[in-house]
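# Descriptive analysis of the structure
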Amino acid sequence: MSQAIATIALVVDDYDAAIRFYGDTLGFELIDDRDMGGGKRWVVVGPSGDRGARLLLARAEGEQQRAAIGNQTGGRVMLFLETDRFEEDYRRLRDAGVSFLEAPRHEAYGSVAVFTDLYGNKWDLIQPRR
């Protein structure tokens, strides 16, 4: 049997604001947006072209989940957005208003720059060295 991590839940405070950020700003596709009743929705976004894992945008319920918004990994980089066009994607995201925490750097493993999403979660934009 073959396995893959297909979907990762990301706690957000508002479905529509999250859809706009991940769709309009990062350029992800809206894969699913289904009403689940009671104000809940099943919202899935992911990079265009069906590359990699998808994000389930899960609206926080209760204080514990609201407290995790933007800090689901205790301040570490949470997700890695891999690209084969690092400079182009870096400029596009920066010009779209994405907040980068550092200038791009070139490491032994590839080119990388850390950015934050709408909620403050840290991401690596990375082009691995092959």
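Definitions and limits used
Residues numbered from 1 in each chain as written. Predicted model: local features only at pLDDT ≥ 70, side-chain atom pairs only at ≥ 80, totals over all residues. Heavy atoms only, no water. Helix = DSSP H or I, 4+ residues; strand = E, 2+ residues; numbered from the N terminus. Rg over C-alpha atoms; globule rule 2.2 N^0.38 Å. Buried < 20%, exposed > 50% of the residue type's maximum accessible area, 1.4 Å probe, protein only. Areas by Shrake-Rupley, 256 points an atom, 1.4 Å probe, with all protein chains shown as cover. Lys, Arg positive; Asp, Glu negative; His and termini not counted. Charge placed at Lys NZ, Arg CZ, Asp CG, Glu CD. Phe/Tyr/Trp six-rings, centres within 6.5 Å; stacked < 30°, edge-to-face > 60°. Polar contact = N/O pair within 3.5 Å; in protein donor to acceptor, adjacent residues only side chain to side chain. Arc of directions from axis to C-beta. Contact = heavy atoms within 4.5 Å.

With that settled, the discussion passes to the overall build of the protein chain. Along the backbone of the protein chain there are three helices and nine strands. N-terminal to C-terminal, the α/β element order of the protein chain is β-α-β-β-β-α-β-α-β-β-β-β. Its C-alpha atoms give the protein chain a radius of gyration of 15 Å, within 12% of the compact-globule value 14 Å for 130 residues. In terms of its C-alpha atoms, the protein chain occupies a principal-axis envelope of roughly 50 × 35 × 30 Å. The burial tally for the protein chain puts 36% of its 130 residues in the buried class. A total accessible area of about 7,800 Å² is found for the protein chain, and carbon and sulfur atoms account for 47% of it. Charge centroids of the protein chain, computed over 17 positive and 21 negative side chains, lie 3 Å from each other.

All right, on to the packing of aromatic side chains then. One pass over the full model with this rule turns up eight aromatic pairs. Arranged with centres 5.0 Å apart and planes meeting at 90°, the rings of Phe21 and Tyr22 form a pair that is edge-to-face. Judged by relative accessible area, Phe21 falls into the buried class, the value being 10%. Under the relative-accessibility criterion, Tyr22 is labelled buried at 0%. Put simply, the rings of Phe21, Tyr22, Phe28, Phe86, Tyr90, Phe100, Phe115 and Trp123 pair up and form one aromatic cluster.

The subject of this paragraph is the environment of Glu88. You can see Glu88 is positioned in helix H3 (residues 86–95). For Glu88, a relative accessible area of 45% gives the class partly exposed.

What follows covers helix H1 (residues 15–25). Those residues of H1 not exposed but buried are Tyr15, Ala18, Ile19, Phe21, Tyr22, Gly23 and Thr25. Looking at where H1 begins, the residue whose side-chain oxygen comes 3.2 Å from the main-chain nitrogen of Asp16 is Asp14. Following H1 by one or two positions, Gly27 has its phi on the positive side, about 85°.

Among the residues of H3, those classed as buried are Phe86, Asp89, Tyr90 and Leu93. Seen along its axis, H3 keeps its buried residues to an arc of 105°; they face one direction. The secondary structure elements touched by the buried residues of H3 are H1, strand E6 (99–100), strand E8 (110–116) and strand E9 (122–128). Once H3 ends, the next one or two residues include Gly97, with phi positive near 100°.

Just geometry here; none of it tells us what the structure is for.
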